[in-house]
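# A closer look at the structure
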Amino acid sequence: MEKIIDEKQQGNSLVMEPKKENSRKLFIESYGCQMNFSDSEIVASILSREGFNTTQNLEEADLVLVNTCSIREKAEQTVRKRLEKYNAVKRINPGMKVGVLGCMAERLKDKFLEEEKIVDLVVGPDAYKDLPNLINEVEAGRNAVNVILSKEETYADVSPVRLQSNGVSAFVSITRGCDNMCTFCVVPFTRGRERSRDPQSIVEEVNDLAAKGYKEITLLGQNVDSYLWYGGGLKKDFKNASEIQKATATNFAGLLKLVAEAQPKMRIRFSTSNPQDMTLDVIEVMAKYPNICKYIHLPVQSGSDRILQKMNRLHTREEYFSLIDNIKELIPDCGISHDIITGFPTETEEDHQDTLSLMKYVKYHFGFMFAYSERPGTMAARKLEDDVPEKTKKRRLSEIVSLQQEHSLYQTQQFIGKTVEVLIEKESKKSSEHWSGRNTQNTVVVFPKENYSIGDFVNVKINDCTSATLIGEPVEFSENN
């Protein structure tokens, strides 16, 4: 399951040469995972070539797009409320067109277009290049829809427009789709089968970002560890590749090495990993290159082998422990975070205790914790009764969150008295006198501004902490500047 971002993102100014005179306004919002935010940057780029500048003012928009998420019910409810807002504005500005992008598109296309008539176009994650044609259809008075999933599309030839960018960190997409049929997840149905992007195009995008002054990139995919480039095609078809293709293929460890060596002073992060696909060579590459951040988001979902099997997670509790042991042996100071779902169908109190005991073994730095909500179209929705009472789900979730807060505080306390390198990203939310950034373990660090600026690498001595934040004082510029 992907890491979830709850906050919205709105567009900013475009950064590429338009094909047409940019006289129209695009308002775009993204909900859900980091992949959706990355996709919105691709959409803004495609539409900039069609004469659209992005705007943060909904009322002046000619085209309003919402990039949607189906991972959780809450995300869908949020999108519906936004669509109601858009349509209230549309009554004042009838020329405005409204579209839904992303993971809700396939499942709700008929409902949105025909039954509720609340949108003009619906576009799936693999059809963004068809947006110009679909917009023409809408302007001709017809509803427009394209939710066809592709076996090839990776958008490797699209230079993303960096929306709401701080000019410091950026997402770089390396794979699309997912082959792991976790029973709780809609991603394989909404984003299709897994395919990887040409490593050369990835390195070129990273080099371009470095030339523009970016200091950190995050390699993105539903499952980055199963990245595999052998000249194009689906991951599942690799078995049919030629001997030369197999011999010259690039896996995720190879890609990490390429990117780290291409930009030795740029921080490299990646998300999301899958326990069944993360191999020892990835951990070894992380340990070797200082510019690859010492942080892994490693969703476990449950600590119970019985529940993991029902989730169709292809790792066991012991295999997960073995992976954690390897990480801690090769990268002793590695930050590790998780996704956990509680209240999955048939989950017993014993299963829940297995999850808590796994958490105690790992002592995660932080995590993303959810009560199970049935998602239409998933195998769990078709085959398993959602039989854990809501009250029980909430109690178990509360116990998981409480334990994670203990572990988070324990992990931040380990930094007190140490000096860490921080990349300044923005002003602190709580104080205009302080900067906010992250260390290599992805923990937020705040410290007085002094003579430092956004984009600087600074060595910061940690004096205090909360469970989520390190508080320190700047010592000096780090050698990375």
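The rules we used
- Residues numbered from 1 in each chain as written.
- Predicted model: local features only at pLDDT ≥ 70, side-chain atom pairs only at ≥ 80, totals over all residues.
- Heavy atoms only, no water.
- Helix = DSSP H or I, 4+ residues; strand = E, 2+ residues; numbered from the N terminus.
- Expected span 1.5 Å × (residues − 1).
- Buried < 20%, exposed > 50% of the residue type's maximum accessible area, 1.4 Å probe, protein only.
- pLDDT = per-residue confidence, 0-100.
- Contact = heavy atoms within 4.5 Å.
- Pairing = 2+ DSSP bridges.
- Phe/Tyr/Trp six-rings, centres within 6.5 Å; stacked < 30°, edge-to-face > 60°.
- Lys NZ or Arg CZ within 6 Å of the ring centre and 35° of its normal.

## Some details on helix α1 (residues 34-48)
The terminal C-alpha atoms of α1, which comprises 15 residues, lie 21 Å apart, in line with the 21 Å expected from a rise of 1.5 Å per residue. Here α1 lies mainly inside the structure; 15 of its 15 residues are buried.

## Structural notes on the confidence of the model for the protein
Per-chain confidence: the protein averages 89 in pLDDT, with 94% of residues scoring 70 or above. Every residue in residues 1-19 is under pLDDT 50, and counting partners more than four places away or in other chains gives 87 contacts.

## Here we look at unusual backbone geometry
What is expected of a backbone is that most residues other than glycine have negative phi and most peptide bonds are trans. With omega at 5 degrees, the peptide bond leading from S271 into T272 counts as cis. Tracing the backbone shows T272 in the loop between β14 (267-271) and α9 (280-288). Positive phi, close to 75 degrees, is recorded for Q301, a residue that is not glycine. Mapped onto the secondary structure, Q301 falls in the loop between β15 (295-297) and α10 (305-310). At N442, a residue that is not glycine, the phi angle is positive and equals roughly 75 degrees. Structurally, N442 is set in the loop between β19 (434-438) and β20 (444-448).

## Some words on the pairing of strand β22 (residues 469-477)
The sheet contact formed by β20 and β22 spans 3 bridges and is parallel. Note that in β22 the partner of V445 across the bridge is L470. Relative to β22, strand β21 (residues 457-465) runs antiparallel, the two sharing 7 bridges. In the strand pairing of β22, V458 is matched with F477. Linking two consecutive strands that pair antiparallel, namely β21 and β22, is a turn of 3 residues.

## Some thoughts on the pairing of β21
As paired strands, strand β18 (residues 419-427) and β21 are joined by 5 bridges and run antiparallel to one another. Its bridge partner lying in β21, V422 is registered against V458.

## Let's talk about the packing of aromatic side chains
To describe a pair of aromatic rings, one takes the distance between the centres and the angle between the planes. Summed over all chains, the structure comprises 9 aromatic pairs. Centre to centre, the rings of Y128 and Y155 are 5.8 Å apart; their planes meet at 25 degrees, and the pair counts as stacked. One end of the pair, Y128, is in the loop between β6 (121-123) and α4 (131-139); the other, Y155, is in the loop between β7 (144-146) and β8 (169-173), with 27 residues separating them in the sequence. On the numbers, 4.2 Å between centres and 35 degrees between planes, the contact of F321 with Y361 is tilted. Linking F321 in helix α11 (residues 317-330) with Y361 in helix α12 (residues 349-362), this pair joins segments that are 40 residues apart in sequence. One residue, K449, lies across the ring of W435, its end atom 4.6 Å from the ring centre.

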